[in-house]
Amino acid sequence: MEEKKEQPEWLEKVRQNDIYAWEKLVKEYENMVYHIAYRMMQNEQEAKDISQEIFIKVYRNLPKFDEKSTFSTWLYRIAINTCIDALRKNKTKQTISWEQHIEQNKNETITYTTETPEEICLQKEKQNNIMEALQNLSPEHKAVILMRDIQDMTYGEIAECLSVSLGTVKSRIARAREQFKKEFLAKKELFTTHTRQKSITDKKGGDSL
């Protein structure tokens, strides 16, 4: 029989409908849940809405939590699966671009930089290409890229979180990385072609003066 894992001391109180224990749970995990939702959805409002949905699911499913995994892993599983379901439903929905995200946070990102304007532009374009490439992945591939390459989770942790075998995790990550590489290189090629054409147009305009 599989051993039960050690859980937060207030978990039992939450199960007994202790409102203060529930508030403590939300406060403890709200940042983690929001960051998962934002990285998956890439939209601030959707991330907030999904975060609320995740905590509702946590509350409703607490009686089913068998403590064979840690509470944080169980919660992470609910968060990821909720985001995957939402992405499947909203495949054609427009999400906030990385450029808009940079613009919203420009005071934070530019204040301390020593890069030239050209370097900043190239870096922002690279970030934008990365986010757009991620956006074009399937929800399942996006999830494993997030967990492995951004959250730095082990293969074992990902397998436990997604309730799949280690072999499935490894093959899924390999396919996700290959697809991401194709998407990113396509975006990069498009940007390079656009930049080259713009440079030629600008040069012709300058020569005609």
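The preceding data block contains the structure.
### A few points about the packing of helix H2 (residues 19–41) against helix H3 (residues 44–61)
For step 1, the next point in the chain: As a packed pair, H2 and H3 sit with axes 8 Å apart at the nearest point and diverge in direction by 135°. The orientation of H2 relative to H3 falls into the category oblique. Handedness of the crossing formed by H2 with H3: right-handed. In this structure, H2 contributes Trp-22, Leu-25, Val-26, Tyr-29, Glu-30, Val-33, Tyr-34, Ala-37, Tyr-38 and Met-41 to the contact, and H3 contributes Glu-44, Glu-46, Ala-47, Lys-48, Ile-50, Ser-51, Ile-54, Phe-55, Val-58 and Tyr-59.
For step 2, the next point in the chain: Of the residues assigned to the contact of H2 with H3, the class counts are 15 nonpolar, one polar and four charged.

### Quick look at the packing of H3 against helix H4 (residues 71–89)
For step 1, the next point in the chain: At a closest axis distance of 10 Å, the pairing of H3 and H4 adopts a crossing angle of 130°. Taken together, the axes of H3 and H4 are oblique relative to one another. Relative to H4, H3 is oriented so that their crossing is right-handed. When H3 is examined against H4, the residues Ile-50, Glu-53, Ile-54, Phe-55, Lys-57, Val-58 and Asn-61 are found in contact with a partner set consisting of Phe-71, Trp-74, Leu-75, Ile-78, Ala-79, Thr-82, Cys-83, Asp-85 and Ala-86.

### Here's the deal with helix H9 (residues 155–162)
For step 1, the next point in the chain: If you check which residues of H9 are buried, you get Ile-158, Ala-159, Cys-161 and Leu-162. Down the axis of H9, the smallest arc covering the buried residues is 165°, so these residues share one side.
For step 2, the next point in the chain: Positive phi shows up at Ser-163, right after H9, with a value of about 60°.

### Remarks on the pattern of salt bridges
For step 1, the next point in the chain: What the rule picks out here adds up to seven salt bridges.
For step 2, the next point in the chain: For Glu-44, the salt bridge identified is with Lys-48, shortest N-O distance 3.6 Å. Residue Glu-44 and its partner Lys-48 are both found in helix H3; the two are separated by four residues, about one turn of the helix.
For step 3, the next point in the chain: Look at Glu-44 and you get partly exposed, because its relative accessible area is 39%.
For step 4, the next point in the chain: On the basis of relative accessible area, Lys-48 is assigned to the partly exposed category, the value being 39%.
For step 5, the next point in the chain: The closest approach of N and O atoms between Lys-57 and Glu-53, which form a salt bridge, is 3.7 Å. One end of the pair, Lys-57, and the other, Glu-53, are both in helix H3, four residues apart, so they sit about a helical turn from each other.

Reading guide: rules and limits
Residues numbered from 1 in each chain as written. Predicted model: local features only at pLDDT ≥ 70, side-chain atom pairs only at ≥ 80, totals over all residues. Heavy atoms only, no water. Axes fitted to C-alpha atoms, helices over the stretch in contact; angles between N-to-C directions. Helix = DSSP H or I, 4+ residues; strand = E, 2+ residues; numbered from the N terminus. Parallel < 35°, antiparallel > 145°, perpendicular 65-115°, else oblique. Left-handed = near helix turned anticlockwise from the far one by under 90°. Contact = heavy atoms within 4.5 Å. Nonpolar A, V, L, I, M, F, W, Y, C, P; charged D, E, K, R; others polar. Buried < 20%, exposed > 50% of the residue type's maximum accessible area, 1.4 Å probe, protein only. Arc of directions from axis to C-beta. Salt bridge = Lys/Arg side-chain N within 4 Å of Asp/Glu carboxyl O.

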